[in-house]
Amino acid sequence: MPTQRASRMPLTLLCPASQGVEAVTISGDDYPARLGTAAHEVTTSAIAGREVSIIDIAARNRVDQDELDVLASQTWRAWEEVRRYFPNPEVETPLSNIDGDTELTGTADVMSFMPHPEIRILDLKTGRRERDHWDQLRAYGLMAAHANQADTVYVAVLRVRNRSIEGRWYTREELYDWWTEAKAAMGSGDYRPGYEQCRDCHRGPNCPAKTALLRQAFEAFTTGDGAFWPDNATSLALETHGSRMADLLRTLRLLRRTIDDTDELIRAEVARLGGTVPVGSGEELRLTEQTQKHIKPLEAWDILTEALPTPSVLQAVRVSKSALADIIGEYVPKGGKAKAVRELWRRLEEAGAMEEKIIDRLEIRSVDQRPAEPAGSLEGVLALADPQSQGKGE
């Protein structure tokens, strides 16, 4: 019997073919995911009243203890502001539902049983990227409502880093209807390539639809017909032009990531085959060692200042904030790195030693997207009222 994880529902419904078994897997940097997993464990344990060791959790998930301490503290503060809406919470609640030949499974971060009967579910999101998680939350709501025969379910996502919460009410009947449509979509097996669904899909290395999408992006830059940049356009044509640019930008970002992943895959395969692979025509793929020399500022300082004026030498020296933060961590007690770094940054800013640079960041955003609410005022919290006064579903 096929099993569908609730956490994969958004990807599965964006591209039903993503359910397929991949032939090749390229693993990217999973540090953010491991850090989020660790922060979840710390927070849900605290909600449940269990004592845990951040040191042990950081070691088990192979993440920096100070980073975990900061993120877990942010998550706990966010929870403190909404906890009154989730009385008597249960944490890490396993959920499942078998419907015909499909088993739906998942784990709810926080679940609270209310009168009516009503259930409230909260999902903690600690990542920086904001995605559409509603199909994941609908799946949680469906399983909880079906298992407990709840008339109404409130599902909410708490985004820790921008301090916002968003929730929706559903009746059990609405969730049954959603699941019927979701199963039909999943059964189609359609390929629906796009930036959001392709960037993290495990089928990427051997997906024909992704390959076609990347080829389309390449051809858009190699046709040379000049039609991509119209000089004159009506407002409608300009919107169409903008849509093409946005689609191409998403694809090119996917292409950039694919190039990096494929480069690493080829390097690993050549290394596995002994470091040299013949390719014909008298050529070969070869891994060769190259020595790159870097000047050590401390050891070279006297020589450099003897040869050049000190201000000129300083212009060639760049202090990395991330490297400096790592060094600070070596000189302070465990758990004190974040505070020490913030204090040093404050002193540097007050001394005028912190230079700011404004950059233009190209983003694709909803026109009605609002900035995060200030600390202490989580967006949407007050929407947790009686479901009869809020309406149901979308």
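Bear in mind the structure is a predicted one, so any value in this text is a computation, not a measurement.

(A) Quick look at unusual backbone geometry. If you check the backbone angles, Gln 149 has positive phi at about 50° while not being a glycine. Along the chain, Gln 149 falls in the loop between α5 (134–148) and β5 (152–159). The class for Gln 149 is partly exposed, based on a relative accessible area of 44%. With a phi close to 55°, Ser 281 is a non-glycine residue in the positive phi region. For Ser 281, the location among the structural elements is in the loop between β7 (276–280) and β8 (283–286). Since its relative accessible area comes to 80%, Ser 281 is described here as exposed.

(B) Quick peek at the side chain of Thr 93. Note on placement: Thr 93 falls in strand β2 (residues 90–99). Relative accessible area serves as the criterion here: at 11%, Thr 93 is assigned to the buried category. Look past the residues within four positions of Thr 93 in its chain and what remains in contact with it is Gly 106, Thr 107, Ala 108 and Met 111.

(C) Seen up close, the confidence of the model for the protein. Here the protein averages 79 in pLDDT, and 80% of its residues register 70 or above. Counting interchain partners and residues more than four positions distant, the pLDDT-below-50 stretch residues 368–394 has 55 contacts.

(D) View of the pattern of salt bridges. What the rule picks out here adds up to 14 salt bridges. Glu 118 is paired through a salt bridge with Arg 120; the nearest N and O atoms lie 2.7 Å apart. Note on Arg 120: relative accessible area 9%, which makes it buried. A salt bridge links Arg 346 to Glu 343; the nearest nitrogen and oxygen atoms lie 2.5 Å apart. In this pair, Arg 346 and Glu 343 are both assigned in helix α13 (residues 337–350), three residues apart and thus about one turn of the helix distant. Take Arg 346: its relative accessible area is 36%, and that puts it in the partly exposed class. The exposure class of Glu 343 is partly exposed, given its relative accessible area of 36%. In this structure, a network of salt bridges that share partners links the residues Glu 343, Arg 346 and Glu 350.

(E) Spatial organisation of the packing of aromatic side chains. Counted under the stated rule, the structure contains three aromatic pairs. Centre to centre, the rings of Trp 178 and Trp 179 are 6.0 Å apart; their planes meet at 40°, and the pair counts as tilted. A single burial state applies to Trp 178 and to Trp 179, both of which are buried.

(F) Quick look at the side chain of Arg 34. In this fold, Arg 34 is placed in helix α2 (residues 31–47). Within the local environment of Arg 34, its side chain forms a polar contact with the backbone oxygen of Asn 61, the two atoms lying 3.0 Å apart. Arg 34 has contacts with Asn 61, Arg 62 and Val 63, leaving out every residue within four places of it along the chain.

(G) Region of interest: α2. Between its terminal C-alpha atoms α2 stretches 24 Å, which fits the 24 Å expected from 17 residues at 1.5 Å a residue. If you check which residues of α2 are buried, you get Arg 34, Leu 35, Gly 36, Ala 38, Ala 39, His 40, Val 42, Thr 43, Thr 44, Ser 45 and Ile 47. Of the residues flanking the end of α2, it is Gly 49, one or two places downstream, whose phi is positive at about 80°.

(H) Spotlight on a nonpolar patch on the surface. A surface patch of nonpolar side chains, about 350 Å² in accessible area, is lined by Trp 301, Leu 314, Val 317 and Val 319. For Val 317, the position within the fold is in the loop between α11 (310–315) and α12 (321–329). With a relative accessible area of 37%, Val 317 lands in the partly exposed category.

(I) Quick look at the packing of helix α3 (residues 54–61) against helix α4 (residues 65–82). At a closest axis distance of 9 Å, the pairing of α3 and α4 adopts a crossing angle of 115°. The angle between the axes of α3 and α4 places the two elements in the roughly perpendicular class. Between α3 and α4 lies a crossing of right-handed hand. The residues of α4 that touch α3, namely those facing Ile 54, Ile 55, Ile 57 and Ala 58, are Gln 65, Leu 68 and Asp 69. Among the residues forming the contact of α3 with α4, the class breakdown is five nonpolar, one polar and one charged.

Cut-offs and rules
- Residues numbered from 1 in each chain as written.
- Predicted model: local features only at pLDDT ≥ 70, side-chain atom pairs only at ≥ 80, totals over all residues.
- Heavy atoms only, no water.
- Helix = DSSP H or I, 4+ residues; strand = E, 2+ residues; numbered from the N terminus.
- Buried < 20%, exposed > 50% of the residue type's maximum accessible area, 1.4 Å probe, protein only.
- Contact = heavy atoms within 4.5 Å.
- pLDDT = per-residue confidence, 0-100.
- Salt bridge = Lys/Arg side-chain N within 4 Å of Asp/Glu carboxyl O.
- Phe/Tyr/Trp six-rings, centres within 6.5 Å; stacked < 30°, edge-to-face > 60°.
- Polar contact = N/O pair within 3.5 Å; in protein donor to acceptor, adjacent residues only side chain to side chain.
- Expected span 1.5 Å × (residues − 1).
- Patch = residues over 30% accessible without salt bridge, like charges linked within 9 Å, V, L, I, M, F, W, Y side chains within 5 Å.
- Areas by Shrake-Rupley, 256 points an atom, 1.4 Å probe, with all protein chains shown as cover.
- Axes fitted to C-alpha atoms, helices over the stretch in contact; angles between N-to-C directions.
- Parallel < 35°, antiparallel > 145°, perpendicular 65-115°, else oblique.
- Left-handed = near helix turned anticlockwise from the far one by under 90°.
- Nonpolar A, V, L, I, M, F, W, Y, C, P; charged D, E, K, R; others polar.

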